[in-house]
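Residues per chain, in single letters:
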Number of protein chains: 2
Amino acid sequence: MRIDDVDQQIIALLQEDARSSFAEIGAKVSLSAPAVKRRVDRLRAEKVIRGFTAVVDPVAVGWTAEMFVELFCTGRTTPVQIASAARRHAAVVGAYTVSGEADALVHLRAADIAALEQALEKLRAEPFVRSTRSMVVLSRLLPTT
Amino acid sequence: MRIDDVDQQIIALLQEDARSSFAEIGAKVSLSAPAVKRRVDRLRAEKVIRGFTAVVDPVAVGWTAEMFVELFCTGRTTPVQIASAARRHAAVVGAYTVSGEADALVHLRAADIAALEQALEKLRAEPFVRSTRSMVVLSRLLPTT
DNA sequence: CATGAAATTTACTCACT
DNA sequence: AGTGAGTAAATTTCATG
């Protein structure tokens, strides 16, 4: 799985616009369209490129509430346990084990504060969760990446 | 800017695969390809869809270190100030004003711990930053969204 | 082995209904 | 919103260094 400089350029261009044509990309990296396609196919096969997605305004589609929750877990909790819990909850859009006071940081997104609170309750009901500290997002300072 | 049920479906399909064709999408939502294109064009014009991007494995492209930083700011700090600071720092991939103890939460990503530390130093040098509390990401529990 | 050129198939996009 | 025509892009095949 080696990624050369041209691959990096192609990845960067696709991150900017995932729908640009192979010919357009090729013009910028000095390759033909088929050559670009073959590299993209390879990068996808090697899971360097996981997929292509639309960047959507969360507010416009009704996801207005967001929250970060620090998880303080019981002594024997494993990352795998936390990960499987995170996957069970639909509101979870990100989850990380972290150094510091907390054991994990979970990013929740929901339609409104009420739905967020529900999601938080369900999270807190997980047997390995000792306590939580939450931060409700008041405003997003950067456009959705 | 009203979004009907079909728009929602189209958005969901594009989030799954931003490179699928208008005809493919149309088949799933019972519309012709031009009809889908017109809706997508409208959604883009209205900024409901902000763009299309490739989902890349951060490790594969050399971004192995990640961190969340809680910002404690001086009394008169505005969200706008924090936002403009966030945009100045390349390592910042997310930034939010939050309720709770901290004033803001900043998500940093860099090539390694050293680069992360540098980014943190620069953040801490912002005049409105009183103090910070940071959480280094030990592991990502969900695939990159 | 990766590339480019040519050929084929598919998709996009426009005008019109 | 659909249809049909013309254009552009994707994808396959093949020959080359």
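Chains are numbered independently. Their residues run from 1 in the order of the written sequence. Whichever chain is written first becomes A and whichever ligand is written first becomes 1, with later ones labelled in order. This being a predicted model, a pLDDT of at least 70 is required before a residue's local features are given, and a value of 80 or more before pairs of side-chain atoms are given or counted; all residues contribute to the totals for chains, interfaces and linings. Note that water and hydrogens are dropped before the side-chain values are worked out from all heavy atoms of the structure.

As a further point, take the domain arrangement of chain A. For the domain bounds, the source is a domain assignment made automatically or taken from a database. In terms of domain boundaries, chain A breaks down into domain 1 (5-45) and domain 2 (65-136). Once you take the C-alpha centre of each, domain 1 of chain A and domain 2 of chain A turn out to be 37 Å apart.

This brings us to the relation of the copies chain B and chain A. When the copies are superposed, the least-squares fit draws on C-alpha atoms of residues that have pLDDT of at least 70 in both. With an RMSD of 0.2 Å, the fit of chain B onto chain A corresponds to turning through 180° and sliding 0.0 Å along the axis. What the rotation and shift describe, once combined, is the action of a two-fold rotation axis. Whether two residues are in contact is decided by their heavy atoms: any pair within 4.5 Å suffices. Taken together, the interface assignments show that 100% of the residues at the interface of chain B recur at the interface of chain A, consistent with an identical surface on both copies.

Time to look at the sheet that holds strand E5 (residues 129-140) of chain B. Strand pairing within a sheet occurs via backbone hydrogen bonds; the two strands may be parallel or antiparallel. Here, a strand pair is defined by DSSP locating no fewer than two bridges between the strands. Each helix corresponds to a stretch of at least 4 residues labelled H or I by DSSP, and each strand to a stretch of at least 2 residues labelled E; elements are numbered beginning at the N terminus. Strand order around the closed barrel formed by 8 strands is E2(A)-E4(A)-E3(A)-E5(B)-E2(B)-E4(B)-E3(B)-E5(A), with antiparallel pairing between neighbours. Neighbour to neighbour, the strand axes of the sheet diverge by 35° on average, direction disregarded. Bridge count between strand E3 (residues 92-98) of chain A and E5(B): 3 bridges; the pairing is antiparallel. Across the sheet, the residue bridging to Thr97(A) is Ser139(B), located in E5(B). In this description, a line fitted to the C-alpha atoms serves as the axis of each element, helices being fitted only across the stretch in contact, and the angle between N-to-C directions of two axes falls anywhere from 0 to 180 degrees. The strands touched by helix H4 (residues 79-88) of chain A within the sheet are strand E2 (65-73), E3 and strand E4 (104-110) of chain A, with E3(A) carrying the most contacts at an inclination of about 170°.

In the region of DNA strand C, the neighbouring residues are Arg19(A), Leu31(A), Ser32(A), Pro34(A), Ala35(A), Arg38(A), Arg39(A), Ser21(B), Phe22(B), Ala23(B), Pro34(B) and Lys37(B). Whether a residue is near a molecule or strand depends on its heavy atoms: it is near if one of them lies within 4 Å of it. When atoms of DNA strand C within 4 Å of the protein are split into backbone and base, the sugar-phosphate part holds 61%. A 3.5 Å cut-off defines polar contacts: any pair of N or O atoms within that distance qualifies, except that in protein one atom must be a possible hydrogen donor and the other a possible acceptor, and neighbouring residues in sequence count only when both atoms are side-chain atoms. In this structure, a base nitrogen belonging to DNA strand C sits 3.1 Å away from a side-chain N or O atom of Arg38(A). Between DNA strand C and the protein, one listed contact pairs a phosphate oxygen with a backbone N or O atom of Phe22(B) at 3.0 Å. Within the residue set of the surface near DNA strand C, elements represented by two or more residues are helix H3 (33-45) of chain A together with helix H2 (22-29) and helix H3 (33-45) of chain B. Here the surface near DNA strand C takes 4 residues from H3(A), the largest share from any one element. Here the residues of the surface near DNA strand C are counted per class, giving 6 nonpolar, 2 polar and 4 charged. For this classification, the nonpolar set comprises Ala, Val, Leu, Ile, Met, Phe, Trp, Tyr, Cys and Pro, the charged set comprises Asp, Glu, Lys and Arg, and every other residue, Gly included, is treated as polar.

All names here are of chain B. Restricting attention to buried positions, one finds in helix H4 (residues 79-88) the residues Ile82, Ala83, Ala85 and Ala86. Looking down the long axis of H4, one finds its buried residues gathered within 165° of arc, a one-sided arrangement. The exposed set on the far side of H4, more than 90 degrees from its buried face, consists of Val80, Arg87 and Arg88. Of the surrounding elements, those touching the buried residues of H4 are strand E2 (65-73), strand E3 (92-98) and strand E4 (104-110). Relative accessible area decides the class of each residue, using a 1.4 Å probe on protein chains only: under 20% of the type maximum gives buried, over 50% gives exposed, and in between gives partly exposed. Here the arc refers to the directions that run from the helix axis out to each C-beta atom.

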